[in-house]
Amino acid sequence: MRERVRAFLEELEGECKGRVLIDHPLSRLTTFRIGGPASAVFIPESEAEIETAFELSRNHAMPMKIIGRGSNILASDDGFPGIVMLIVRRGIKGIRENVCEVEVDAGVSMSRLIRWSLERGLGGLEGMAGIPGTIGGAVHNNAGSRGTEISDLLLGMRIYDGEKWSWKGREEISFDYRRSDIGGLIYKVKLQLHKKDRQTLERLYEENMMWRKKSQPLNMFSAGCVFKNGEGYSAGELIERCGCKGWRVGDAVVSEKHANFIINVGRARAWQVFELMEAVRSRVFEETGVELEREIELLGDFPPTVECGEMTFERLESGDTLYRPDIKG
Ligand SMILES: Cc1cc2nc3c(=O)[nH]c(=O)nc-3n(C[C@H](O)[C@H](O)[C@H](O)COP(=O)(O)OP(=O)(O)OC[C@H]3O[C@@H](n4cnc5c(N)ncnc54)[C@H](O)[C@@H]3O)c2cc1C
């Protein structure tokens, strides 16, 4: 593998000006602050460099993963044996303002985009105040909050599918709750916003931020909600009802503030977060029959997800709420 990585990097550095970081810890690229090294991280500077990186990764059989701000990712302690392409381009182009269409680079952060639109009296995004990450990541995951999903505002996007560039209209992509079927790199996004009174927008923004601060552990390292809500239930409420708040494996803890958040309170390892997730999933299944679906994405090697109901729990000596699941199979 190391030979393959070296050959890949030599060619990449020969052909591209973008930054390359070798053996770079994923803990620095994810909001969980967890994860071992990626063989290489590449920050492309142009569309041509993206094409080159895709081509070289194919030629050298190097796995590739696109990352924005890593705010929905749990990266393995062993890292990722491949190239991580970091999308950080940051331009916002307000176009055709009379019809409120906005074109934005995929690497722009949601917080910057939302502030930008508020300052111009453009509504639509205020319900998503406080969602971290990039607009590219938000579109890929169909991120949303308080009744709005990003796909509701989407007009289209510029995508590289590994072979060619194209504009895809909203209607060409299938979106669902926290997922899309976009199979490529999102480079630019076009959104339909609408004119709204700036003071109203500021008020709604503040209200949404207050709601978030009150209900979520925003000052702790996490990757947001661990499990998806389902038909007729909130995953957080189920987890709380099953008594999992405060469960802990090492420095990975089920938040007391929001039961659907696992927080890294120190030096949590990915396997500890993973075990805790599986413990919670299993307990909720035992108590309610609901099989929670993970919202957080795993990157790198993890044990296969255990079928619910196949786990036992053993209370440890060291604390009331400390559980260590014994994962079977
Ligand atoms: C405190 C906190 C609160 C959160 N609250 C919410 C919430 O209210 N609602 C919600 O929906 N989510 C929430 N999240 C989860 C997360 O912020 C979103 O899923 C976010 O949209 C991910 O964006 P990102 O840039 O960090 O993507 P990453 O985590 O880097 O990547 C997520 C996925 O998108 C892909 N991707 C990223 N960029 C691109 C691109 N340019 N082209 C193609 N694929 C790409 C990646 O390959 C990966 O599969 C929260 C997270 C945290 C930490």
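Residues numbered from 1 in each chain as written. Predicted model: local features only at pLDDT ≥ 70, side-chain atom pairs only at ≥ 80, totals over all residues. Heavy atoms only, no water.

## Quick look at helix α3 (residues 110–119)
Here is step 1: Those residues of α3 not exposed but buried are M110, L113, I114, W116, S117 and L118.
Here is step 2: Where the residues of α3 are buried, they touch β6 (92–95), β7 (101–105), β8 (122–123), α4 (135–141), β15 (185–192) and α5 (198–215).
Here is step 3: Residue G121 follows α3 closely and has a positive phi angle near 65 degrees. (Buried < 20%, exposed > 50% of the residue type's maximum accessible area, 1.4 Å probe, protein only. Helix = DSSP H or I, 4+ residues; strand = E, 2+ residues; numbered from the N terminus. Contact = heavy atoms within 4.5 Å.)

## Observations concerning the nonpolar core
For soluble globular proteins, the rule of thumb is that nonpolar side chains tend to be buried together.
Here is step 1: Among the nonpolar cores identified, the biggest contains 55 residues, and L12, L125, I135, V139, M157 and L191 are the most heavily contacted of them.
Here is step 2: Shared between two domains, this core takes at least three residues from each, and those domains are domain 1 (2–86) and domain 2 (92–215). (Core = buried A, V, L, I, M, F, W, Y, C linked by side-chain atoms within 4.5 Å. Domains from an automatic or database assignment.)

## Focus: the packing of aromatic side chains
Here is step 1: Scanning the model with the defined rule gives four aromatic pairs in all.
Here is step 2: Where W165 meets Y187, the ring centres are 5.2 Å apart and the plane angle is 65 degrees; that geometry is what we call edge-to-face. Within this pair, whereas W165 is found in strand β12 (residues 165–169), its partner Y187 is found in strand β15, the two being separated by 22 residues in sequence.
Here is step 3: With a relative accessible area of 5%, Y187 lands in the buried category.
Here is step 4: Ring geometry for F274 against F302: centres 5.5 Å apart, planes inclined by 35 degrees, an arrangement best described as tilted. One end of the pair, F274, is in helix α7 (residues 270–288); the other, F302, is in the loop between β20 (297–299) and β21 (311–315), with 28 residues separating them in the sequence.
Here is step 5: Overall, the relative accessible area of 2% leaves F274 in the buried class. (Phe/Tyr/Trp six-rings, centres within 6.5 Å; stacked < 30°, edge-to-face > 60°.)

## Some remarks on the sheet that holds strand β2 (residues 37–43)
Here is step 1: In space, the four strands of this open sheet follow the order β1-β2-β5-β3, with mixed pairing throughout. Edge positions in the sheet fall to β1 (19–25) and β3 (64–67), since each has one partner strand and no second. For this sheet the average axis-to-axis angle between neighbouring strands, irrespective of direction, equals 30 degrees.
Here is step 2: Of the pairings in the sheet, the one linking β2 to strand β5 (residues 80–86) comprises four bridges and is parallel in character. Bridging across to β5, V41 finds its partner in V84.
Here is step 3: Seen against the sheet, helix α1 (residues 2–15) touches β1, β2 and β5 and runs at an angle of roughly 155 degrees to β1.
Here is step 4: Contacting β2, β3 and β5, helix α2 (residues 47–59) runs over the sheet at an angle of about 165 degrees to β5. (Pairing = 2+ DSSP bridges. Axes fitted to C-alpha atoms, helices over the stretch in contact; angles between N-to-C directions.)

## Section: the pattern of salt bridges
Where charged atoms from two side chains of opposite charge approach closely, those side chains can pair.
Here is step 1: All chains considered together, the criterion is met by 18 salt bridges.
Here is step 2: For the salt bridge of E103 with K93, the shortest nitrogen-to-oxygen distance reads 3.8 Å. Of the two residues, E103 sits in strand β7 while K93 sits in strand β6, which places them ten residues apart along the sequence.
Here is step 3: On the basis of relative accessible area, E103 is assigned to the buried category, the value being 11%.
Here is step 4: E119 is paired through a salt bridge with R120; the nearest N and O atoms lie 4.0 Å apart.
Here is step 5: A residue is classified by how much of its surface remains accessible, and E119, at 42% relative accessible area, is partly exposed.
Here is step 6: Via salt bridges that share partners, R115, R198 and E202 belong to a single interconnected network. (Salt bridge = Lys/Arg side-chain N within 4 Å of Asp/Glu carboxyl O.)

## Examining unusual backbone geometry
With the exception of glycine, most residues fall at negative phi, and the peptide bonds are largely trans.
Here is step 1: Positive phi is not limited to glycine here, since A61 has a value of about 50 degrees.
Here is step 2: Assignment of secondary structure puts A61 in the loop between α2 and β3.

## Some thoughts on the side chain of R212
Here is step 1: Topologically, R212 is positioned in helix α5.
Here is step 2: Comment: no salt bridge for buried R212; closest opposite-charge side chain is E295, at 9.2 Å.
Here is step 3: Among the polar contacts listed, one links the side chain of R212 to the side chain of S145, at a separation of 3.2 Å.
Here is step 4: Not counting chain neighbours up to four residues away, the residues in contact with R212 comprise A129, G130, I131, S145 and L218. (Lys, Arg positive; Asp, Glu negative; His and termini not counted. Polar contact = N/O pair within 3.5 Å; in protein donor to acceptor, adjacent residues only side chain to side chain.)

## Overview of the confidence of the model for the protein
Here is step 1: Of all residues in the protein, 92% attain a pLDDT of 70 or more, and the chain-wide mean is 91.
Here is step 2: With pLDDT under 50 throughout, residues 310–329 is counted as low confidence; its partners more than four residues away or in other chains account for 47 contacts. (pLDDT = per-residue confidence, 0-100.)

## Here's the deal with the packing of α1 against α2
Here is step 1: In contact at an axis separation of 10 Å, α1 and α2 are set at 160 degrees when each is read in the N-to-C sense. In this view, α1 runs roughly antiparallel relative to α2, as classed from their interaxial angle. For the pair α1 and α2, the sense of crossing is right-handed. Contacts between α1 and α2 involve F8, E11, L12 and E15 from the former and T52, A53, L56 and S57 from the latter.
Here is step 2: Classifying every residue of the contact of α1 with α2 by side-chain character gives four nonpolar, two polar and two charged. (Parallel < 35°, antiparallel > 145°, perpendicular 65-115°, else oblique. Left-handed = near helix turned anticlockwise from the far one by under 90°. Nonpolar A, V, L, I, M, F, W, Y, C, P; charged D, E, K, R; others polar.)

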